[in-house]
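Reading the structure
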Amino acid sequence: MSQRQVLQGVMSLLRTLLLDVVPTIQQTAALALGRLANYNDDLAEAVVKCDILPQLVYSLAEQNRFYKKAAAFVLRAVGKHSPQLAQAIVDCGALDTLVICLEDFDPGVKEAAAWALRYIARHNAELSQAVVDAGAVPLLVLCIQEPEIALKRIAASALSDIAKHSPELAQTVVDAGAVAHLAQMILNPDAKLKHQILSALSQVSKHSVDLAEMVVEAEIFPVVLTCLKDKDEYVKKNASTLIREIAKHTPELSQLVVNAGGVAAVIDCIGSCKGNTRLPGIMMLGYVAAHSENLAMAVIISKGVPQLSVCLSEEPEDHIKAAAAWALGQIGRHTPEHARAVAVTNALPVLLSLYMSTESSEDLQVKFWE
């Protein structure tokens, strides 16, 4: 008997057990399917091909909370692997039922449904739009207001994955009132929740000036700057990313960041961490400096140039060196005074040696001409 035949036999048996009269057997069968589907995309595809999804979706609306959680886990496990498998979940009518589960009295059912919706939405704009059209966003906004931390985390993460694809989808998240609620939770003590909240606000801010201004109007400054001192590296990185996504758009938004003390705080953050955690802060300084002479001078006054020079010398990764080189270029290009500020930090010999090095990547060498 081939492996495929064995797999079909297992799936067929589990499908039969989903219809068993004993609820615990149904739940155990659903959990087994979820674990199989979670393992790899071949097993997830087998769940789809054996026509198990329609039965799960039907039962999801009818059964008790234990079964609902197990069934939503299967949908999440199938949907996470690829856009094609996520589309199979949409095609069998699961979205409407999952959205109904977001209103369930049991927080565990809400959480399981939010996980499944997140894994569908994260793949592309079309799948995200399907999740939006099913009415998920307002209910996810209600979920972030629930007391359970695990539910808050996954709801914020789902909103982030919806907002990331396009300005229109980000606008849907804004229109549902998500930004104000997310902004109020920036100082929540739970690190995982904080990095999901900061991610969601970044995904909204990145698309346009209007969306970035809406995030700023939710009064995230100066509270977001405290996240740059957080013990958790992901919180630091996501806070830097949020500030970068706001500052990059216009001189006015960059000036707002400067006035709030954001440039000095980001420079301190860069000094307190290493590697990829530094990258969004380095980029943020470059974006601010690129806008105008005065903003570049604000970076100089806040001692941004020595810190960027340290990154250039210390960091082993070429893409971080390239970002630091680019940021120094944005600071130094305005006037002789700006250029002198870069030169006195002894950055130029380091830049030259990196440019001449045969080990430097093409991307790093290109940055010296920008």
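Below, the structure is looked at part by part. (Residues numbered from 1 in each chain as written. Predicted model: local features only at pLDDT ≥ 70, side-chain atom pairs only at ≥ 80, totals over all residues. Heavy atoms only, no water.)

This part is about the pattern of salt bridges. Under the defined criterion, the tally for this structure stands at 14 salt bridges. One salt bridge in this structure joins K194 and D230, with 2.7 Å as the shortest N-O distance. One end of the pair, K194, is in helix α14 (residues 191-205); the other, D230, is in the loop between α16 (223-226) and α17 (233-247), and 36 residues separate them in sequence. For the pair K194 and D230, a shared accessibility class is recorded, and that class is buried. Salt bridges linked by common partners bring K274, R278, E314 and E315 together as one network. (Salt bridge = Lys/Arg side-chain N within 4 Å of Asp/Glu carboxyl O. Helix = DSSP H or I, 4+ residues; strand = E, 2+ residues; numbered from the N terminus. Buried < 20%, exposed > 50% of the residue type's maximum accessible area, 1.4 Å probe, protein only.)

Before going further, it helps to examine the side chain of S202. Secondary-structure assignment places S202 in helix α14. Given the relative accessible area of 6%, S202 is considered buried. Look past the residues within four positions of S202 in its chain and what remains in contact with it is N238, T241, L242 and E245. (Contact = heavy atoms within 4.5 Å.)

The next subject is a nonpolar patch on the surface. Residues V21, V22 and I25 make up a contiguous nonpolar surface patch of roughly 260 Å² in combined accessible area. Position of V21 relative to the elements: it lies in the loop between α1 (3-18) and α2 (23-39). (Patch = residues over 30% accessible without salt bridge, like charges linked within 9 Å, V, L, I, M, F, W, Y side chains within 5 Å. Areas by Shrake-Rupley, 256 points an atom, 1.4 Å probe, with all protein chains shown as cover.)

Tracing the sequence through the fold places C92 in the loop between α6 (83-91) and α7 (94-101). Using a relative accessible area of 23% as the deciding quantity, one classes C92 as partly exposed. Distance in space between the C-alpha atoms of C92 and V57 is 7.6 Å, their sequence separation being 35 residues. In this structure C92 touches L53 and V57, once residues within four positions along its chain are discounted.

Everything listed here is a matter of geometry and, on its own, says nothing about what the molecule does.
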